[in-house]
Amino acid sequence: MSNKLILAVVGATGTQGGSVIDTVLSRPELSTKYSLRGITRNPASDKAKALSTKGVEVVKADLDDVESLKAAFSGAWGVFGVTDFWSLGSKAREIQQGKNIFNASQAANAEHLVWSSLPNVTKLSEGRRHLVAQFDGKAEVEDFIESNKGSMIASYFMPAMFTDNMKQTVNDHGQAPHRDAMHDCRVSGVVFFCPSARVTWYGHHFLKSDELCVPIGWSS
């Protein structure tokens, strides 16, 4: 029987969860200490099968089903929790999924929870920016964890924008949209980094390069 500590990784076939798994597997000081349990909705997917070939234990669970998460986290020392607002389109549902991850971790007596969080934009902007549900929901889950964690260790990871996301701003001709085409850097409420444009975002100033316009948040 292995004496390794079990790390249960939510979103194991996704960007963040997959990165956690790859990091542990690639670093001997981690792979000799921890065994990995990848949590996914579909263990039969190609990505899940690929994890199995690397020695990852793949377990099925649904973030909307707290009982399935309790079973998936059973015996785990640590849990990495992440939710995806864009696949849900609902702040309330994302918050509930985050609470389910925490409640299941606590029920399974996990000692350490790492929550993939983001800042609360509504609070930081004093209400001036209040349409950033993909940020605020995760921040509200963080507040819930802090208020209820008891003796559990809770850590918070706040990722920057993924390079892969830049692909969404590139048009069919392989070129990024420019300021004139975006009506002073606003398209459907999304604020972009734009060529030759100075953008203020929640009190911070950014200067854009000449190549890509990158969405960074919602404008009011």
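Residues numbered from 1 in each chain as written. Predicted model: local features only at pLDDT ≥ 70, side-chain atom pairs only at ≥ 80, totals over all residues. Heavy atoms only, no water.

Chemist: Help me get a handle on the sheet that holds strand 2 (residues 34–40), residues and values and all.
Modeler: In space, the six strands of this open sheet follow the order 3-2-1-4-5-6, with parallel pairing throughout. A strand with exactly one partner marks an edge of an open sheet, and here the two such strands are strand 3 (57–60) and strand 6 (153–157). Pairwise comparison of adjacent strand axes, ignoring direction, gives a mean angle of 20° for this sheet. Across six bridges, the pairing between strand 1 (residues 5–10) and strand 2 is parallel. Residue pairing for strand 2: Ala-8 is matched across the bridge by Arg-37. Each of strand 1, strand 2, strand 3 and strand 4 (78–81) is contacted by helix 4 (residues 66–73), which is oriented at about 160° to strand 2, the strand it contacts most. Helix 6 (residues 91–107) rests against strand 1, strand 4 and strand 5 (112–116) of the sheet, and its axis sits at about 170° to strand 5. (Pairing = 2+ DSSP bridges. Helix = DSSP H or I, 4+ residues; strand = E, 2+ residues; numbered from the N terminus. Axes fitted to C-alpha atoms, helices over the stretch in contact; angles between N-to-C directions. Contact = heavy atoms within 4.5 Å.)

Chemist: Break down the pattern of salt bridges for me, citing the residues and quoting the values.
Modeler: Where side chains of opposite charge bring their charged atoms close, a pairing between them can arise. Counted by the stated rule, this structure contains 10 salt bridges. Here Lys-54 makes a salt bridge to Asp-22, at a shortest N to O gap of 3.8 Å. Taken together, the positions of Lys-54 in the loop between helix 3 (46–53) and strand 3 and Asp-22 in helix 1 (residues 15–26) put the pair 32 residues apart, joining distant regions of the chain. Of the charged contacts in the structure, one is a salt bridge between Asp-64 and Arg-93, with a shortest N-O distance of 2.5 Å. Remark: Arg-93 occurs in helix 6 and Asp-64 occurs in the loop between strand 3 and helix 4; sequence separation between them is 29 residues. Asp-64 sits in the partly exposed class, given a relative accessible area of 39%. You can call Arg-93 partly exposed: its relative accessible area is 37%. (Salt bridge = Lys/Arg side-chain N within 4 Å of Asp/Glu carboxyl O. Buried < 20%, exposed > 50% of the residue type's maximum accessible area, 1.4 Å probe, protein only.)

Chemist: Just give me the short version of the pairing of strand 3, but keep the residues and values in it.
Modeler: Put simply, side chains in a regular strand alternate between the two faces of the sheet. Direction of pairing for strand 2 relative to strand 3: parallel, over a ladder of four bridges. By the bridge assignment for strand 3, Thr-40 is matched with Lys-60. Between strand 2 and its parallel partner strand 3, the chain crosses via helix 3, and the hand of that crossover is right-handed. (Right-handed = clockwise from strand over helix to strand, strands pointing away.)

Chemist: Explain the nonpolar core residue by residue, including any values.
Modeler: Ranked by internal contacts, the top residues of the largest apolar core, which has 35 residues, are Phe-73 and Ile-101. Taken together, the elements giving at least two residues each to this core come down to strand 1, helix 1, strand 2, helix 4, strand 4, helix 6, strand 5 and helix 8 (133–148). It is strand 1 that provides the largest number of residues to this core, a total of five residues. Here Phe-73 is in contact with Ala-8, Val-10, Arg-37, Ile-39, Val-79, Ile-101, Ala-104, Ser-105 and Ala-108, once residues within four sequence places are set aside. (Core = buried A, V, L, I, M, F, W, Y, C linked by side-chain atoms within 4.5 Å.)

Chemist: Please provide a residue-by-residue account of the pairing of strand 5, values included.
Modeler: A large share of strand 5 lies buried, amounting to four of its five residues. Sheet topology places strand 4 next to strand 5; four bridges connect them, and they run parallel. In the strand pairing of strand 5, Gly-78 is matched with His-112. Relative to strand 6, strand 5 runs parallel, the two being bridged by five bridges.

Chemist: If you had to explain the environment of Met-152 to someone new, which residues and values would you point to?
Modeler: Within the secondary structure, Met-152 is located in the loop between helix 8 and strand 6. A C-alpha to C-alpha distance of 7.3 Å links Met-152 and Ala-110, two positions 42 residues apart in sequence. Apart from the residues within four sequence positions on either side, Met-152 is in contact with Phe-102, Ser-105, Gln-106, Ala-110, Glu-111 and Leu-113.

Chemist: Give a description of the packing of helix 4 against helix 6 that names residues and reports values.
Modeler: Where helix 4 contacts helix 6, the axes come no closer than 8 Å and their chain directions differ by 45°. Between helix 4 and helix 6, the angle is such that the two are oblique. In this structure, helix 4 meets helix 6 at a crossing whose hand is right-handed. In contact with Val-66, Leu-69, Lys-70 and Phe-73 of helix 4, helix 6 contributes Asn-100, Ile-101, Asn-103, Ala-104, Ser-105 and Ala-107. (Parallel < 35°, antiparallel > 145°, perpendicular 65-115°, else oblique. Left-handed = near helix turned anticlockwise from the far one by under 90°.)

Chemist: Outline the packing of helix 6 against helix 8, supporting the account with residue identities and numerical values.
Modeler: Put simply, helix 6 and helix 8 touch, their axes get as near as 9 Å, and they point 30° apart. By the angle between their directions, the pair helix 6 and helix 8 is classed as roughly parallel. Crossing of helix 6 over helix 8 shows right-handed handedness. On helix 8, the residues touching Lys-91, Glu-94, Ile-95, Gly-98, Lys-99, Phe-102, Asn-103 and Gln-106 of helix 6 are Ala-133, Gln-134, Asp-136, Gly-137, Lys-138, Glu-140, Val-141, Phe-144, Ile-145 and Asn-148.

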